[in-house]
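The residues making up each chain are set out below.
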Amino acid sequence: MTVLSNCHTHTQFCDGRSTAEDMVLSALDKGFVSLGFSTHAPQLFDESYCVLPAREEEYRQEILRLREKYQGQIRIYLGIERDLFSCADPARYDYYLASVHYLPTLHGYVTVDGTADMVASSIRDVYAGSGFAFAKQYFELLAGYAKAWRPPIIGHFDLFRKNNGKLHFVDEESIAYKDMVVSTLSSIRESGAMLEVNTGAIARGYMDGQYPNDFALRTWQQLGGEVIVSSDCHDAKDLNCAFDRMPKLLDALGFDHVVRLGHDTLFERVPL
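Residues numbered from 1 in each chain as written. Predicted model: local features only at pLDDT ≥ 70, side-chain atom pairs only at ≥ 80, totals over all residues. Heavy atoms only, no water.

Caption draft 1: Focus on the overall build of the chain. A tally of helices and strands in the chain yields 9 helices and 10 strands. Relative to the 2.2 N^0.38 estimate, which gives 19 Å for 272 residues, the radius of gyration of the chain is 18 Å and therefore close to what a compact globule would have. Expressed along its principal axes, the backbone C-alpha trace of the chain runs to roughly 55 × 45 × 35 Å. Taken over 272 residues, the chain has a buried fraction of 58%. Of the contacts made within the chain by residues no fewer than 6 positions apart, 69% connect residues no fewer than 24 positions apart. A total accessible area of about 11300 Å² is found for the chain, and carbon and sulfur atoms account for 49% of it. Of the side-chain charges in the chain, 26 are positive and 37 negative, and the distance between the mean point of each set is 1 Å. (Helix = DSSP H or I, 4+ residues; strand = E, 2+ residues; numbered from the N terminus. Rg over C-alpha atoms; globule rule 2.2 N^0.38 Å. Buried < 20%, exposed > 50% of the residue type's maximum accessible area, 1.4 Å probe, protein only. Contact = heavy atoms within 4.5 Å. Areas by Shrake-Rupley, 256 points an atom, 1.4 Å probe, with all protein chains shown as cover. Lys, Arg positive; Asp, Glu negative; His and termini not counted. Charge placed at Lys NZ, Arg CZ, Asp CG, Glu CD.)

Below is the structure:
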């Protein structure tokens, strides 16, 4: 099975390198049946990576223009990646990915997936050296977001793993960590959300694996949860990054299908 779709796509409207139309052309070249755009939603304390509030409507209109221009060739969806602390209204979009990129602290917001130096400084100065406390707050916020908003998709479930391979601030094989993962996934399962299988860290060289890790995905399968594969694409050439690997991995972990953005319906199941 080939995924032939991507729901997590960033362009020059936020921190992506490619234009929206370049993403469409890449999707057509790769034989995609659908493509979903998901610019980082506006939020008010860090505008360095998200679409600016003044440009949100411009983003919406560009994706709608492309939808009409390429009608009959590929189905295009207008989505958004909404951080927990965003001010965007997801009801204005076809779908959204719910993500947590920041943790609120007495020292202000700290980044979950910034540079290794930024994360190391936060753990040292804000969390008294406890990477477990850093991860625990992240998971608590993600679980609360899922319960309160009941989003369609949870983005990059264990995002902080981007730097864990370098910093080793939390032991992913420990019983305490795995218990925390199981608890968080159980809360997300109750919300009805899908879990994104995100290959973005592979494309950008941060890890050789996907978010979530294999243990989390196996647990999610046992809970009966749905998965949707995405590349978290920021560059058109990476639109299908590692898409050949993910079906094999998911099959080995017990999944028999994935969900993708459909040609005729928003979400459709595709057998592995």
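Caption draft 2: View of the packing of aromatic side chains. Summed over the entire model, instances satisfying the criterion amount to 18 aromatic pairs. On the basis of an interplanar angle of 70° and a centroid distance of 6.4 Å, the ring pair of Tyr95 and Phe267 is categorised as edge-to-face. Taken together, the residues Tyr95 in strand 3 (residues 95-99) and Phe267 in strand 10 (residues 267-271) connect sequence positions 172 residues apart. Overall, Tyr95 belongs to the buried group, its relative accessible area being 2%. Ring centres 5.9 Å apart and planes at 90° place the aromatic pair Tyr145 and Trp149 in the edge-to-face group. (Phe/Tyr/Trp six-rings, centres within 6.5 Å; stacked < 30°, edge-to-face > 60°.)

Caption draft 3: Focus on unusual backbone geometry. A cis geometry characterises the amide bond from Tyr211 onward to Pro212, with omega recorded as -10°. With respect to the helices and strands, Pro212 occurs in the loop between helix 7 (200-203) and helix 8 (214-222). Positive phi is not limited to glycine here, since Leu4 has a value of about 60°. Structurally, the position occupied by Leu4 is in the segment before helix 1 (20-29). Of note, Ala128 is a non-glycine position whose phi angle comes to about 50°, a positive value. Tracing the sequence through the fold places Ala128 in the loop between helix 3 (116-125) and helix 4 (131-149).

Caption draft 4: Quick peek at the pattern of salt bridges. One pass over the structure, following the stated rule, counts 19 salt bridges. Asp238 is paired through a salt bridge with Lys237; the nearest N and O atoms lie 3.3 Å apart. Judged by relative accessible area, Asp238 falls into the buried class, the value being 16%. One salt-bridge network, in which partners are shared between bridges, spans Glu21, Glu62, Arg65 and Lys69. (Salt bridge = Lys/Arg side-chain N within 4 Å of Asp/Glu carboxyl O.)

Caption draft 5: Main features of the layout of surface pockets. In this model, the largest pocket occupies a volume close to 560 Å³. Considering the residues around the largest pocket, the lining is formed by 27 residues, among which Asp15, Asp113, Gly114, Lys162 and Tyr206 are closest to the centre. At the level of elements, helix 3, helix 5 (161-167) and helix 7 are the ones that each hand at least two residues to the lining of the largest pocket. Its residues placed into classes, the lining of the largest pocket shows 8 nonpolar, 12 polar and 7 charged. In this structure, the second largest pocket encloses a volume near 160 Å³. Looking at the lining of the second largest pocket, its residues break down into 2 nonpolar, 1 polar and 6 charged. (1 Å grid on protein atoms, 1.4 Å probe; cavity = no way out; pocket = protein on both sides within 12 Å on 5 of 7 lines; lining within 4 Å. Points joined across faces, edges and corners; volume = space filled by probe spheres on them. Nonpolar A, V, L, I, M, F, W, Y, C, P; charged D, E, K, R; others polar.)

Caption draft 6: Examining the environment of Phe215 more closely. Mapped onto the elements of the fold, Phe215 is located in helix 8. Judged by its relative accessible area of 23%, Phe215 is partly exposed. Along the chain, Phe215 and Val182 lie 33 residues apart, while their C-alpha atoms are 9.3 Å from each other. Not counting residues within four places of it along the chain, the set of residues in contact with Phe215 comprises Lys178, Val181 and Val182.

Caption draft 7: Looking closely at the side chain of Thr199. Mapping Thr199 onto the fold places it in the loop between strand 7 (194-198) and helix 7. Residue class for Thr199 comes out buried when judged on its relative accessible area of 0%.

Caption draft 8: Highlighting the environment of Ile188. With respect to the element layout, Ile188 can be found in helix 6 (residues 175-191). Spatially, the C-alpha atom of Ile188 lies 9.6 Å from that of Trp220, the residues being 32 residues apart in sequence. Filtering out sequence-adjacent residues up to four positions away, Ile188 remains in contact with Leu142, Ala146, Ile154, Phe157, Ala193 and Trp220.

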